Amino acid sequence: MLILLPPSETKSDGGDGSPLDLHGLSLSALTPLRQKLADALVGLAGDVDASSLALGLGPTQADEIERNVTLWTSPTTPALSRYTGVLYDALDARGFTKAGRARAAERLWIGSALFGAVRAYDPIPSYRLSGTSKIPGFGTLRSHWKPELTEALTGEADGLVVDLRSGTYQQLGPVPGAITATVLTEKPDGSRSVVSHFNKHHKGLLARALTLTTAEPKDVRALARIASKAGLRVEAASPTELIVLTE
């Protein structure tokens, strides 16, 4: 099973790993494009105004640009420790046992505007680039990553793929046949609506359940059983969609 997580705008600082080595990342076929994007991002960081515009940053976010200035020289840390926020709090990777970490290393991947996708423990530096950013002279990131990322991820998957990335990151490299999760809130009258506030939290809980299970699910119904055992309310809406319900 391959589980694809979204990245986060917020990232931890520091790390104790050596500076970025693109050849040390998974999906080596993506190295040339990663190099091209990284060089362009570092070059852009030399112009604060242009960086702010391209990255959608406000006047108080200059420190985010500094992350890109030092992209090649700053320390790295495993991707699962680099990304932070609501989803990663719910995933609680720091609480994984040794066996849990082994399953995470095998199953978890994280989407990235800069790297395409990385494994949970691939060493990466802190950076700022979102899926909707437009580097001058580059066009959209989607035009660069697709179809290279789709081909790379499809080649890596030898079983079920659970794609928990947001729409923006799914579009960078869609995986045909992947199972997605939709978080809905259910009101007392039975009506349902898309959740925004708790969406990332429940996807984090789902990712945790799927990462730590010893089972090897083969379809969406098997995924639903794993999620239910973990305390989540779920429904198999279709062969490629799992619904997670909240009240």
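Heads up: the structure comes first, above all this text.
Here the structure is a predicted model, which means the values were calculated and not measured.

### Some words on the packing of aromatic side chains
Turning to step 1, where the next piece is worked out: All chains considered together, the criterion is met by three aromatic pairs.
Turning to step 2, where the next piece is worked out: With a centroid separation of 6.5 Å and 90 degrees between ring planes, the pair formed by Tyr 83 and Tyr 127 is classed as edge-to-face. Taken as a pair, Tyr 83 in the loop between helix H4 (79-82) and helix H5 (86-91) and Tyr 127 in the loop between strand S5 (123-124) and helix H7 (141-145) lie far apart in primary sequence, 44 residues in all. Of the two residues, Tyr 83 and Tyr 127, both sit in the buried class.
Turning to step 3, where the next piece is worked out: Centroid distance Phe 115 to Tyr 127: 5.5 Å. Interplanar angle 80 degrees. Geometry classified as edge-to-face. With a gap of 12 residues between them, Phe 115 in the loop between strand S3 (108-112) and strand S4 (116-119) and Tyr 127 in the loop between S5 and H7 connect regions that are remote in the sequence. Taken as a pair, Phe 115 and Tyr 127 share a single burial class, namely buried.
Turning to step 4, where the next piece is worked out: An aromatic cluster is defined as three or more aromatic residues linked by ring pairs; in this entry it consists of Tyr 83, Tyr 88, Phe 115 and Tyr 127.
Turning to step 5, where the next piece is worked out: Over the ring of Tyr 127 we find Lys 11; its NZ or CZ atom is 4.5 Å from the centre of that ring.
Turning to step 6, where the next piece is worked out: The ring of Phe 138 carries Lys 36 above its face, with NZ or CZ at 5.4 Å from the centroid.

### So, the environment of Thr 214
Turning to step 1, where the next piece is worked out: The residue Thr 214 is located in the loop between helix H10 (199-212) and helix H11 (220-229) in this model.
Turning to step 2, where the next piece is worked out: For the pair Thr 214 and Ile 226, spaced 12 residues apart in sequence, the C-alpha to C-alpha distance is 9.7 Å.
Turning to step 3, where the next piece is worked out: For Thr 214, the contacting residues outside a window of four places in its chain are Arg 103 and Arg 107.

### Some words on the layout of surface pockets
Turning to step 1, where the next piece is worked out: Approximately 370 Å³ is the volume attributed to the largest pocket.
Turning to step 2, where the next piece is worked out: In terms of lining residues, the largest pocket is bounded by 23 residues, among which Pro 6, Pro 7, Ser 8, Glu 9 and Lys 200 are the most central.
Turning to step 3, where the next piece is worked out: Of all elements in the fold, only H5, helix H9 (167-172) and H10 reach the threshold of two or more residues within the lining of the largest pocket.
Turning to step 4, where the next piece is worked out: Each residue belonging to the lining of the largest pocket can be placed in one class, and the counts come to eight nonpolar, 10 polar and five charged.
Turning to step 5, where the next piece is worked out: In this structure, the second largest pocket is lined by 13 residues; those nearest its centre are Leu 80, Ser 81, Tyr 88, Ala 93 and Arg 94.
Turning to step 6, where the next piece is worked out: Within the residue set of the lining of the second largest pocket, elements represented by two or more residues are H4 and H5.
Turning to step 7, where the next piece is worked out: Per-class residue counts for the lining of the second largest pocket are six nonpolar, three polar and four charged.

### A few points about the pairing of strand S9 (residues 233-238)
Turning to step 1, where the next piece is worked out: Relative to strand S10 (residues 241-246), S9 is paired through five bridges, and the arrangement is antiparallel. Of the residues in S10, the one forming a bridge with Glu 235 is Ile 243.
Turning to step 2, where the next piece is worked out: Two successive antiparallel strands, S9 and S10, enclose a turn made up of two residues.

### Looking at unusual backbone geometry
Turning to step 1, where the next piece is worked out: Here the amide bond leading from Lys 146 into Pro 147 is cis, since omega sits at 15 degrees, within 30 degrees of zero.
Turning to step 2, where the next piece is worked out: For Pro 147, the position within the fold is in the loop between H7 and helix H8 (148-156).
Turning to step 3, where the next piece is worked out: Its identity as a non-glycine residue notwithstanding, Leu 27 has a phi of 60 degrees, on the positive side.
Turning to step 4, where the next piece is worked out: Note that Leu 27 resides in the loop between strand S1 (2-5) and helix H1 (31-44).
Turning to step 5, where the next piece is worked out: Under the relative-accessibility criterion, Leu 27 is labelled buried at 11%.
Turning to step 6, where the next piece is worked out: Its identity is not glycine, yet Asp 92 carries a phi of approximately 50 degrees, on the positive side.
Turning to step 7, where the next piece is worked out: Tracing the sequence through the fold places Asp 92 in the loop between H5 and helix H6 (98-107).
Turning to step 8, where the next piece is worked out: A relative accessible area of 31% places Asp 92 in the partly exposed class.

### Some details on the packing of H6 against H10
Turning to step 1, where the next piece is worked out: Where H6 contacts H10, the two axes come as close as 8 Å, and the packing angle between them is 105 degrees. Looking at the two axes, H6 sits roughly perpendicular to H10. Here Gly 100, Arg 103, Ala 104 and Arg 107 of H6 come into contact with H10, specifically with Leu 210, Thr 211 and Leu 212.
Turning to step 2, where the next piece is worked out: Split by residue class, the contact of H6 with H10 holds three nonpolar, two polar and two charged.

How each quantity is defined
- Residues numbered from 1 in each chain as written.
- Predicted model: local features only at pLDDT ≥ 70, side-chain atom pairs only at ≥ 80, totals over all residues.
- Heavy atoms only, no water.
- Phe/Tyr/Trp six-rings, centres within 6.5 Å; stacked < 30°, edge-to-face > 60°.
- Helix = DSSP H or I, 4+ residues; strand = E, 2+ residues; numbered from the N terminus.
- Buried < 20%, exposed > 50% of the residue type's maximum accessible area, 1.4 Å probe, protein only.
- Lys NZ or Arg CZ within 6 Å of the ring centre and 35° of its normal.
- Contact = heavy atoms within 4.5 Å.
- 1 Å grid on protein atoms, 1.4 Å probe; cavity = no way out; pocket = protein on both sides within 12 Å on 5 of 7 lines; lining within 4 Å.
- Points joined across faces, edges and corners; volume = space filled by probe spheres on them.
- Nonpolar A, V, L, I, M, F, W, Y, C, P; charged D, E, K, R; others polar.
- Pairing = 2+ DSSP bridges.
- Axes fitted to C-alpha atoms, helices over the stretch in contact; angles between N-to-C directions.
- Parallel < 35°, antiparallel > 145°, perpendicular 65-115°, else oblique.

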